[in-house]
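Remarks on the overall topology
For reference, the chains in residue letters:
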Amino acid sequence: MSGFWLRIDPTGCVDGSVREDVAGQLAEDAHKGFTPRVADRRKEAAAGWRVELVDRAGFDAIKPCLYGRCEHGRATA
Ligand SMILES: [Zn+2]
C-alpha cells in the first residue's frame, strides 16, 4: 500500500505529511524525515508528538489540518 505518514502534534492536529513510498515503511524513518536530529525527536515524543501511517481515506480526513481549517486549538487563528 502507498500510504501517508502524518506528523501529529500533541493536540491531535496534523502538522505535516509525507508519502510512504518516499519516507519508507518505518515510523522511525518517517519521523527522521520530519525531524532530523535525534535529540529533537526524543523531545517531540516526550511532548506527545506522534507519527502515524494512514491510507488515502485517512489522508483526506486530515486535509483540513494541512490547510489550517481544522478545529485543533486554532480558534484564534
Ligand atoms: Zn488540525
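Our subject is the structure that appears above.
Presented here is a report on the structure given in the accompanying data block.

About the criteria used
- Residues numbered from 1 in each chain as written.
- Predicted model: local features only at pLDDT ≥ 70, side-chain atom pairs only at ≥ 80, totals over all residues.
- Heavy atoms only, no water.
- Pairing = 2+ DSSP bridges.
- Helix = DSSP H or I, 4+ residues; strand = E, 2+ residues; numbered from the N terminus.
- Axes fitted to C-alpha atoms, helices over the stretch in contact; angles between N-to-C directions.
- Contact = heavy atoms within 4.5 Å.
- Salt bridge = Lys/Arg side-chain N within 4 Å of Asp/Glu carboxyl O.
- Buried < 20%, exposed > 50% of the residue type's maximum accessible area, 1.4 Å probe, protein only.
- Donors = N, O, S within 2.8 Å, 3.2 Å for Na, K, Ca; no water.
- Tetrahedral: all angles 85-135°; square planar, octahedral: opposite > 155°, others 65-115°.

1. So, the sheet that holds strand β1 (residues 4-8)
- Reading across the sheet, the three strands line up as β2-β1-β3 and stay open at both edges, with antiparallel pairing between neighbours. Looking at strand neighbours, the two that pair on one side only are β2 (14-19) and β3 (50-54), the edges of this open sheet. Across the sheet, the mean angle separating the axes of adjacent strands is 25° when strand polarity is ignored.
- Strand direction decides the pairing type here: β1 and β2, joined by five bridges, are antiparallel. When the bridges of β2 are listed, Phe4 appears paired with Arg19.
- The sheet contacts of helix α2 (residues 27-34) involve β1, β2 and β3, and relative to β1 the element is tilted by about 60°.

2. What about the pattern of salt bridges?
- As enumerated under the stated definition, the model contains eight salt bridges in all.
- Between Glu44 and Arg7 there is a salt bridge, with its nearest N and O atoms 2.4 Å apart. Residue Glu44 is found in helix α3 (residues 38-47), and its partner Arg7 is found in strand β1; the two are separated by 37 residues along the sequence.
- On the basis of relative accessibility, which here comes to 13%, the residue Arg7 falls in the buried class.

3. Notes on the coordination of the zinc ion
- Those donors, Cys13 (SG), Cys65 (SG), Cys70 (SG) and His72 (ND1), are the protein atoms that reach the zinc ion, and they lie 2.0 to 2.3 Å from it.
- Taken together, the four donor atoms surrounding the zinc ion define angles of 104 to 117° at the centre, an arrangement classified as tetrahedral.
- Written as a sequence motif, the donor arrangement for the zinc ion is C-x51-C-x4-C-x1-H.
- Given the relative accessible area of 6%, Cys65 is considered buried.
- Residue classification places Cys70 among the buried positions, given a relative accessible area of 13%.

4. Focus on the pairing of β1
- Within β1, five of the five residues are buried, which leaves the element mostly enclosed by the surrounding structure.
- Of the two faces of β1, the one lined by Phe4, Leu6 and Ile8 and the one lined by Trp5 and Arg7 are each fully buried.
- Summarising the sheet, β1 and β3 pair through five bridges and their orientation is antiparallel. Counted as the bridge partner of Leu6 is Glu52 from β3.

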